[in-house]
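# Observations on chain architecture
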Amino acid sequence: MMGELSAQGKLFGADHLHLDHVGRDTFYGWLAVEGPRVFPDGDFREFYVLDNGRKSVPPSQLVRMVLLQWYDKTSDEESVVRSKFDLRWKVALGLEDHEGLCAKFTLQTFRGKLLLSQQGRELLKRSVQVCREAGALRSRKVRAALDTSPIIGRGAVRLGETLLESADPSTIGMRGAGEKEVREAMRLLEQLVEQDVEVREDGGAQLKQGVAKDRIVSVHDPEMRHGRKSRRVRFDGHKGEIVVDAESGTILDASAKAGNAHDAHGSLEAVERAEATLKAAWKDAPEKPSPENEGDPEVKIVETLGDCAYGSADNRRDFADAERTLTAKQPALHNGGRYTKEDFPRDDETGARTCPAGHRVLPRSRTRTWRGEKVNVPYCQWPAAVCATCPLRTQCLKACNEEDAKPRVSGRTLSEHPEETLLAKARAQQHTPEFRDAYRQRQTVEHRLARMMQLGARQARYFGRAKTELQWLIAATVANLSLAIGHKNKEKASNPTPAPSNSPYAPPNYSWGRITAAIRFLIAPGTTSLTKRDPAIRTA
Ligand code: SF4
């Protein structure tokens with residue numbers, strides 16, 4: 001059954017004795033003081049049988065251990081050792097001197113329960129609330145920025161034959177496996193054969209040339225994919241995405257998607273999740289109007305900032321349909337150095353376009369498939385005779401030099417995209433100073449991704465996307481908590497108050513270490529180093 005922390009804590013707990021030594025303003029100190037409130041035992045009830053069995057390690061301590069593990073980038077083994085011997089961990093976990101928290105298996109089981117109950121996202125929500133309470137997240141109207149970064153998968157990547165060999169049931173330890181496991185292994189082997197092997201004309205088999213779409217690259221983690229950060233930089237694994245408040249850097253949502261997924265894929269859902277988290281963080285806050293919320297207490301993501309990858313026509317349509325503002329750069333138009341669509345101004349009323357030589361053409365219409373539907377798309381075509389005699393034709397048309405053997409049968413053609421209005425608006429918008437000002441704020445998301453990488457989120461620790469997403473969520477939670485602590489410390493430094501430890505009105509916590517040290521001295525004199533420094537205690 002679930003063990004719970006005593007509200008009074010332990011008399012000789014390190015969080016009482018050594019809190020000031022470790023520092024209240026550190027991550028460890030914050031976990032000691034605020035951890036039990038922010039992550040209470042009651043939130044993890046569903047993990048346990050409540051009326052039977054031995055008492056467990058309190059989950060509020062285990063969740064702190066998970067966070068510490070990410071903060072200090074330790075393995076499970078090392079985390080268990082640190083809980084026994086590292087004073088900072090003992091303070092954060094509220095342990096006594098000769099106490100450890102749990103065995104490695106207990107930590108792993110708890111993390112498994114976090115995964116199965118999808119509590120990882122709940123941890124992130126709490127951290128956003130902490131940022132709001134600390135004053136780091138100030139505004140109810142948020143301009144959100146989002147971006148992705150590669151996560152290198154945990155599974156070994158194999159190519160061609162080696163991949164097929166490693167999927168052989170005899171090599172992956174299927175002996176003694178149940179029917180379900182064997183069926184899964186067979187399905188995987190089938191997929192691998194399909195993606196990598198083809199039948200030759202003579203009936204034999206050979207490895208396929210090229211890379212199959214959505215190719216499985218690892219038998220150990222079949223959810224890993226070949227991905228690209230850029231044309232040259234390639235990776236194997238997953239893609240992590242975060243949505244942050246562009247003003248404060250608070251991470252509002254974190255998720256993992258396939259390594260080969262387009263950045264824009266699922267971005268609207270990510271923004272919607274981020275807004276729900278934001279609303280939860282402001283739920284209990286007093287609804288007083290402030291300059292930040294301009295007298296309107298509604299909590300909302302008012303604008304989303306993304307890079308070029310988020311500016312696809314599809315994504316713009318999704319955001320427009322959801323009545324959300326998406327600010328993303330539109331890639332510059334290229335036409336081999338010749339005139340682009342932007343050089344042919346469009347008349348909004350008639351849709352007619354005028355070419356650089358001043359010839360105006362009315363649009364015609366043709367059918368194209370867009371988002372699974374047949375739609376009519378306008379296009380403009382200039383008469384071949386006009387273009388043939390045009391002095392600007394070399395700057396306008398492809399292959400129209402004198403030596404060109406094939407004469408052109410038509411003049412210049414300009415096709416419009418089914419979402420031309422949205423794209424044209426985005427292209428026009430990105431030359432305005434307002435766009436530049438807003439877009440500058442997007443760099444916050446780059447800084448927060450860098451922080452995630454600092455916390456070890458670049459490398460997946462576990463197999464499978466769900467576990468990798470949990471890892472990504474925990475890293476985001478730690479990043480938010482350290483942001484809130486840093487913000488509080490900065491505020492404290494800018495408004496210094498006299499240290500209360502020597503004041504008769506000091507809060508009891510400040511003297512608690514000395515009180516417990518005195519009690520220990522009375523029980524067993526000479527066991528505390530404080531007596532050497534504090535004549536008052538020595539006299540007592
Ligand atoms: S080549 Fe044709 S479309 Fe291009 S500028 Fe000349 S007349 Fe206009």
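Residues numbered from 1 in each chain as written. Predicted model: local features only at pLDDT ≥ 70, side-chain atom pairs only at ≥ 80, totals over all residues. Heavy atoms only, no water.

The sheet built from 3 strands is open, its strands ordered 11-12-13 with antiparallel pairing. Sheet topology places strand 11 (364-370) and strand 13 (413-415) at the edges, where each strand pairs with a single neighbour. Averaged over all adjacent pairs, the angle separating strand axes in this sheet is 35°, with direction ignored. Inspection of the sheet shows strand 11 paired to strand 12 (residues 373-381) by 7 bridges, in the antiparallel sense. Looking at the pairing, Arg368 lines up with Val375 of strand 12. (Pairing = 2+ DSSP bridges. Helix = DSSP H or I, 4+ residues; strand = E, 2+ residues; numbered from the N terminus. Axes fitted to C-alpha atoms, helices over the stretch in contact; angles between N-to-C directions.)

Bringing the pairing of strand 5 (residues 234-245) into the picture now. Of all 12 residues in strand 5, 11 are buried; the element is thus mostly enclosed. Bridging between strand 1 (residues 141-152) and strand 5 involves 9 bridges; their strand directions are antiparallel. Along strand 5, the bridge assignment pairs Ile151 with His238. In the sheet, strand 4 (residues 225-228) pairs with strand 5 via 4 bridges, with the strands oriented antiparallel. Across the sheet, the residue bridging to Gly227 is Phe235, located in strand 5. (Buried < 20%, exposed > 50% of the residue type's maximum accessible area, 1.4 Å probe, protein only.)

Here the focus is the nonpolar core. Counting residues in hydrophobic clusters, the biggest one holds 88 residues, and the most contacted among them are Phe110, Ile242, Met452 and Trp472. With 11 residues, helix 18 (residues 465-494) is the largest single contributor of residues to this core. When residues of this core are sorted by domain, at least three fall in each of domain 1 (14-130 + 469-494) and domain 2 (136-154 + 228-331 + 435-454). Formed by 10 residues, the second largest nonpolar core is a distinct cluster that contains Tyr339, Val361, Cys387 and Leu397. (Core = buried A, V, L, I, M, F, W, Y, C linked by side-chain atoms within 4.5 Å. Domains from an automatic or database assignment.)

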